[in-house]
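Per-entry structural report
The primary structure of each chain is shown beneath.
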Amino acid sequence: MSASDKLIGLVGFPLGHSFSNRYFTEKFQKEGIEGFSHRNFEIQSVNDLSKLLSQEPRLIGLNVTIPLKQAIIPLLHELDSTAEEIGAVNTIRIRGGRLKGFNTDYYGFQESLKQWLGDKITCLNKALILGTGGASRAIKVALEDLDIVPQYVSRHPQENEMSYNSLKASPDLLHEYPLIINCTPLGTFPDIEQKPDIPYGSVSSNHWLYDLVYNPAETAFLNAGRKQGAQIKNGLQMLHLQADKSWEIWNGTI
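Below: a short report on this structure. Each chain has its residues counted from 1, running along the sequence as written. The model is predicted, so local features are restricted to residues of pLDDT at least 70 and side-chain atom pairs to those at 80 or more, both for listing and for counting; the totals for chains, interfaces and linings are taken over all residues. Heavy atoms from the whole structure form the basis of all side-chain values; hydrogens and water molecules are not counted.

As for the pairing of strand 2 (residues 36-42)
The condition is simple: Here, a strand pair is defined by DSSP locating no fewer than two bridges between the strands. Where helices and strands are cited, they refer to DSSP runs of H or I of at least four residues and of E of at least two residues respectively, numbered from the N terminus. Here, the term right-handed applies to a crossover whose path from the first strand over the helix to the second runs clockwise when the strands point away from the viewer.
Here strand 1 (residues 6-12) pairs with strand 2 via 7 bridges, running parallel. Among the inter-strand pairings, I8 is bridged to a residue of strand 2, identified as H38. Chirality of the crossover, the property in question, places the unit of strand 1, helix 1 (residues 20-30) and strand 2 among those that are right-handed.

Set out below in structure tokens:
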């Protein structure tokens, strides 16, 4: 890394199994992109962001992951309209000391879903979102903009949210929701046996299961769905799409 390189990075904790560093390093090499470097910055609190920015004046952009996607918003000078609607940020552009927040999870998920479902997307009018963390907010808005009605499922449900226990008590409810999206980290390597606690016996060939987790390629959630005849997809394409959209933002092409 040259001292004159423009720097992009990833902030959050933990980052041991993160995708970004390898992806952007390989992108720079494959595409012959010079003058840019990527680094991971493990920080657990938004209070560490100001210190990072002062220590790394070459930073022009950051991706943001757990647990900072919502907590980082008050530190930003400006929000993209989509990020504002979602209430979570996963990309920051840094220009002249000013920080603008974006959400490319929205684009990555929506575009990958459209490519996966094709014409069938008009038939899947309702979806279950498993989990209510920062990523799930982008998924909810992306679904609504596709005229798919989302329903949150949570261990600690708030108003208008469904509990896992109520879903297990009425397993036939799954028939109303052909699209089921796992927005929890359950099943991520190395804890690959874990999966959301839903009534998998009610999953059928009429279901489409999407997991934001990409490591392993087939999570326990997806494996259980496949065994019931469901169509399955992991989050790797979404990651590629959101990363490329972040790159466009940092380069000022959008």
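Structural notes on the sheet that holds strand 4 (residues 78-79)
Within a sheet, each strand pairs with its neighbour through backbone hydrogen bonds, oriented either parallel or antiparallel. To be explicit about the condition: Any pair of residues with heavy atoms lying within 4.5 Å of one another is described as a contacting pair. Fitting a line to C-alpha atoms yields each axis, with helices limited to the stretch in contact; the angle taken between N-to-C directions then spans 0 to 180 degrees.
Read from one edge of the open sheet, 6 strands run 2-1-3-5-6-4, paired in mixed fashion. Here the strands that pair on one side only, and so sit at the sheet edges, are strand 2 and strand 4. Relative to strand 5 (residues 91-95), strand 3 (residues 59-64) is paired through 3 bridges, and the arrangement is antiparallel. Across the sheet, the residue bridging to G61 is R93, located in strand 5. Helix 1 contacts strand 1, strand 2 and strand 3 of the sheet and is inclined by roughly 175° relative to strand 2. Sitting on the sheet, helix 8 (residues 236-250) touches strand 1, strand 2, strand 3, strand 5 and strand 6 (98-102), and the angle it makes with strand 5 is about 15°.

Considering the pattern of salt bridges
Put simply, the rule is: Throughout this description, the term salt bridge denotes a Lys or Arg side-chain nitrogen within 4 Å of a carboxyl oxygen of Asp or Glu. The cut-offs for exposure are 20% and 50% of the maximum accessible area for each residue type, with area from a 1.4 Å probe on protein chains only; residues under the lower value are buried, those over the upper are exposed, and the others partly exposed.
Counted under the stated rule, the structure contains 12 salt bridges. E56 is the salt-bridge partner of R58, the closest N and O atoms lying 3.6 Å from each other. Of the charged contacts, one joins K114 and E111 as a salt bridge, the two residues approaching to 3.7 Å between their closest N and O atoms. Taken together, the residues span about one helical turn, with K114 and E111 both in helix 4 (residues 104-117) at a distance of 3 residues. Judged by its relative accessible area of 36%, K114 falls in the partly exposed class. Given a relative accessible area of 22%, E111 falls into the partly exposed group. Through salt bridges that share partners, K27, E31 and D244 make up one connected network.

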